[in-house]
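Here is what each chain is made of, one letter per residue.
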Amino acid sequence: MKIEINNLTVVTKDKKEILKDFSLTIKAGEVHALMGPNGTGKSTLSKVLLGSPEYEVVKGDILVDGKSILKLSTDERAKLGFFLSFQSPISIEGVTNTEFLKTAINTRREEAIGLFPFMQEMRQALKDLHMDEDMMLRSINQDFSGGERKKNEILQMKLLQPSFIILDELDSGLDVDSLRICCENIATYLKEHPKTSVLVITHYPRILEYLPLNYVHRMQAGRIVETGDFSLAQKIEKEGYLSENAIGGVVSHE
Amino acid sequence: MNKIIVTDSNEENRIEKVPFLSSNYTFQDAKRLFLSFEKEKVNLDFSVPEETDAEVILFGEQSDLEISYHLGKGSHLIVRCFALSTKGTIACYLEGEKASFTYHYAAINDCDVSLKTAVHHLAPHSISNMYQHVVVLKGATTLDVDGIVPKDINACVCNQDNKIINLGTSDCTILPNLRIDNYDVVANHAAFIGKFSLDELFYLMSRGLDQTTCYQLLIQSFLFGKMSLREEEKQLFYSSMTKVMEV
């Protein structure tokens, strides 16, 4: 899936500008990382890509394989293959993971998945992620630890089989082992689905070490100001966003 | 159809022939009662004897319920009620020491509905926990909820949790009253009137569920999330909920 974000300007309901002429192209099979200081618009971008009603696109376009998706609702974008792993996944009491995921999977299939194959897929995914089987019967993220919630996002990703994955700070709240397990699962998924595109939003280079990374972008004040490879992530880790070198090293992004 | 199914302590079911629209019922060998009413005016009086555990599952549609529960010493009663546009007056009298009452009331209303609920703690160490969650599609709903502990009754727990999700345009009201005259009491109340969170809706839709399915899941979660329903209760409550939602 090829994603083109062209000159996107986005405002909140009270008309505060968050993204300004933001442009980025992610070709099929590419993994891009987006880094930047707090409040620069990274999470806003992830929500705008999924069509959040919290924001208004006032300029620019988002194209998927050449077609604009701006008029599509959130569920239509999900059915197209978009998947957002939330920074803070919410909990919903009374709706079990099984019930929710089976319903979600069936929205993407012409023929409903049978209970037995679904349970088989779910059990395997839980095993891959080192999660307990009782997670199947628990309410969505109810009483889950921060790490369990993040793993649950990757569980959903594995079962829903998206073609464009956005990971919004997957590494926050995960211990080193859980982060490695989640990333190994994502990397395996990418091997099995080589045309899947990925956008990783993060503050730290560690998560990028586990993924087949193509580009790192540095974002500042609502737009990309520098693009490079993994060494850019290392430079940001070492020097921060406020150091003279970091500011002096800004290259305009075309 | 109005009916009552009685489940005894051996988990055997039987249908009882009682003039149940206006009647007194004392739990004896019965462990669980399942009652269903449609378009009826119902006047019921339940008594739970000392040291008895009992459950009442109630489904009411467009009915008018007037129900009293009387609990003896050391008895435990759990009520799970799902009501569609049903008004009424519910009273619970905790008459024996250490009596315990857990009340789950879930409702969907599409007309003006008024519900008065009162729990009277008449013995020390008695416990009441009331959860009343209502989804309003149309019309105005009023929940008037009293928890009453007189001066000479101590060491009680008296909690109430009242929530209305208002999907319509009329004003809804919750009147949460804790009338506590004793210092040695644990009493809490929560009252909320509002809409579903947009974050919840966005999360569910981001997984490919359309808006109607998301609302169904959120309503199901809001109404029955705390209820611990049995499979047959789930089937009845969920199918009735879906039917109302489709309309």
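Residue indices begin from 1 for each chain and proceed along its sequence in written order. To label them, take the chains in the order written and letter them from A, then take the ligands in the order written and number them from 1. Given that the model is predicted, a residue must reach a pLDDT of at least 70 before its local features are reported, and side-chain atom pairs must reach 80 or more before they are shown or counted; all residues, however, enter totals for whole chains, interfaces and linings. To obtain the side-chain values, all non-hydrogen atoms of the structure were used and water was disregarded.

Each helix and strand counted, chain A has nine helices and 12 strands in total. Relative to the 2.2 N^0.38 estimate, which gives 18 Å for 254 residues, the radius of gyration of chain A is 18 Å and therefore close to what a compact globule would have. In terms of its C-alpha atoms, chain A occupies a principal-axis envelope of roughly 55 × 40 × 35 Å. Considering chain A as a whole, with its 254 residues, one finds that 50% of them fall into the buried category. Sequence-distant contacts, at least 24 apart, represent 69% of the contacts inside chain A between residues at least 6 apart. Per element, the accessible surface of chain A, about 11,600 Å² overall, is 48% carbon and sulfur. Segments assigned H or I by DSSP are reported as helices when at least four residues long, segments assigned E as strands when at least two residues long, and all are numbered from the N terminus. Taken over C-alpha atoms, the radius of gyration is set against a globule rule of 2.2 Å times the number of residues to the power 0.38. We call a residue buried when its accessible area falls under 20% of the maximum for its residue type, exposed when it is over 50%, and partly exposed in between, using a 1.4 Å probe and counting protein chains only. Only heavy atoms matter for contacts: two residues are in contact if any of them lie within 4.5 Å across the pair. Per-residue and other accessible areas follow the Shrake-Rupley method at a 1.4 Å probe size, with only the shown protein chains counted as cover for residues.

Each helix and strand in chain B was counted, giving three helices and 16 strands. For chain B, the C-alpha radius of gyration of 18 Å lies close to 18 Å, the compact-globule estimate for 247 residues. When the backbone C-alpha atoms are referred to their principal axes, chain B occupies close to 50 × 45 × 30 Å. Surface accessibility of chain B: about 10,900 Å² in total, with carbon and sulfur atoms responsible for 47%. Counted as positive: Lys and Arg. Counted as negative: Asp and Glu. His and the chain ends are not counted at all. Charge positions are represented by NZ for Lys, CZ for Arg, CG for Asp and CD for Glu. Computed over 22 positive and 33 negative side-chain charges, the separation of the two mean positions in chain B equals 2 Å.

A ring pair, where both rings are aromatic, is described by two values, the distance of the centres and the angle of the planes. Residues and elements named next belong to chain B. By convention, a stacked pair of Phe, Tyr or Trp rings (six-membered ring in the case of Trp) has centres within 6.5 Å and planes under 30 degrees apart, an edge-to-face pair has planes over 60 apart, and any other such pair is tilted. What the rule picks out here adds up to 17 aromatic pairs over all chains. One aromatic cluster in this structure is built from F27, F46, Y69, F101, Y103 and Y105. One residue, R207, lies across the ring of Y203, its end atom 4.9 Å from the ring centre. The criterion is that NZ of a Lys, or CZ of an Arg, lies within 6 Å of the ring centre and within 35 degrees of the ring normal, and then a charge sits over that ring.

Once that is clear, we can look at the sheet that holds strand 11 (residues 215-220) of chain A. All names here are of chain A. Here, any two strands with at least 2 DSSP bridges between them count as paired. Ordered by their spatial adjacency, six strands build an open sheet running 6-9-10-3-11-12, and the pairing between neighbours is mixed. Either end of the sheet is taken by a strand with one partner, and the two such strands are strand 6 (82-85) and strand 12 (223-228). Strand after strand, the sheet turns through a mean of 20° between neighbouring axes, direction not considered. Relative to strand 12, strand 11 runs antiparallel, the two being bridged by five bridges. Bridge pairing links R218 to E226 in strand 12. Angles shown run from 0 to 180 degrees and are taken between the N-to-C directions of axes, each axis being a line fitted to C-alpha atoms and, for helices, limited to the stretch in contact. Strands strand 3 (31-35), strand 11 and strand 12 of the sheet are contacted by helix 8 (residues 230-239), whose axis makes an angle of about 45° with strand 11.

So, on to the state of the cysteines. Disulfides are defined as pairs of cysteine sulfur atoms found within 2.5 Å of each other. Across all of its chains, the model carries zero disulfides over all chains by this definition. With no disulfide of its own, C81(B) lies 14 Å from the sulfur of C92(B), the closest cysteine sulfur.

Attention now goes to the environment of S43(A). Residue and element names in this part refer to chain A. One can find S43 in helix 1 (residues 42-49). S43 sits 167 residues away from Y210 along the chain, and the two C-alpha atoms are 21 Å apart. If we skip the residues at most four places from it in the chain, S43 touches Q87 and D168.

Right, let's talk about the pairing of strand 9 (residues 164-168) of chain A for a bit. For a regular strand, the rule is simple: side chains alternate between the two faces of the sheet. All names here are of chain A. The buried count for strand 9 comes to five of five residues, which makes it a mostly enclosed element. Sheet topology places strand 6 next to strand 9; four bridges connect them, and they run parallel. When the bridges of strand 9 are listed, F83 appears paired with I165. Sheet topology note: the strand 9/strand 10 (residues 197-201) ladder contains five bridges and is parallel. Residue I166 lies in a different strand from strand 10, and its bridge partner there is L199. Read as a crossover between parallel neighbours, the route from strand 9 over helix 6 (residues 176-192) to strand 10 is right-handed. Crossovers are described as right-handed under a simple rule: with the strands pointing away from the observer, the path leading from the first strand over the helix to the second runs clockwise.

Attention now goes to helix 3 (residues 231-246) of chain B. Residues and elements named next belong to chain B. Between the first and last residue of a helix there are one fewer steps than residues, each counted as 1.5 Å, and that sum is the expected span. Taking 1.5 Å per residue as the helical rise, helix 3 with its 16 residues ought to reach 22 Å, and the 22 Å between its terminal C-alpha atoms agrees with that figure. Those residues of helix 3 that fall on the buried side of the exposure criterion are E233, F237, Y238, S240, M241 and V244. Projection of helix 3 onto a plane perpendicular to its axis shows the buried side chains occupying an angular sector of 160°, all on one side. Projecting away from the buried face of helix 3 at angles above 90 degrees are the exposed residues E231, Q235, K243 and E246. Relevant arc is that of directions from the helix axis to the C-beta atoms, nothing else.

Per residue, pLDDT captures the predictor's confidence, and it can take any value from 0 to 100. Residues at a pLDDT of 70 or more form 93% of chain B, whose mean pLDDT is 90. Interface confidence in the predicted complex, given as ipTM, is 0.92; pTM for the same model is 0.86.

A few words on the pattern of salt bridges. All names here are of chain A. Should a side-chain nitrogen of Lys or Arg be within 4 Å of a carboxyl oxygen of Asp or Glu, the pair is scored as a salt bridge. For the structure on display, the rule yields 22 salt bridges over all chains. Between K158 and D128 there is a salt bridge, and its shortest N-O distance comes to 3.1 Å. Of the two residues, K158 is situated in helix 5 (residues 146-160) and D128 in helix 4 (residues 115-128); the sequence distance between them amounts to 30 residues. Judged by relative accessible area, which is 18%, K158 ranks as buried. R180 is the salt-bridge partner of E184, the closest N and O atoms lying 3.3 Å from each other.

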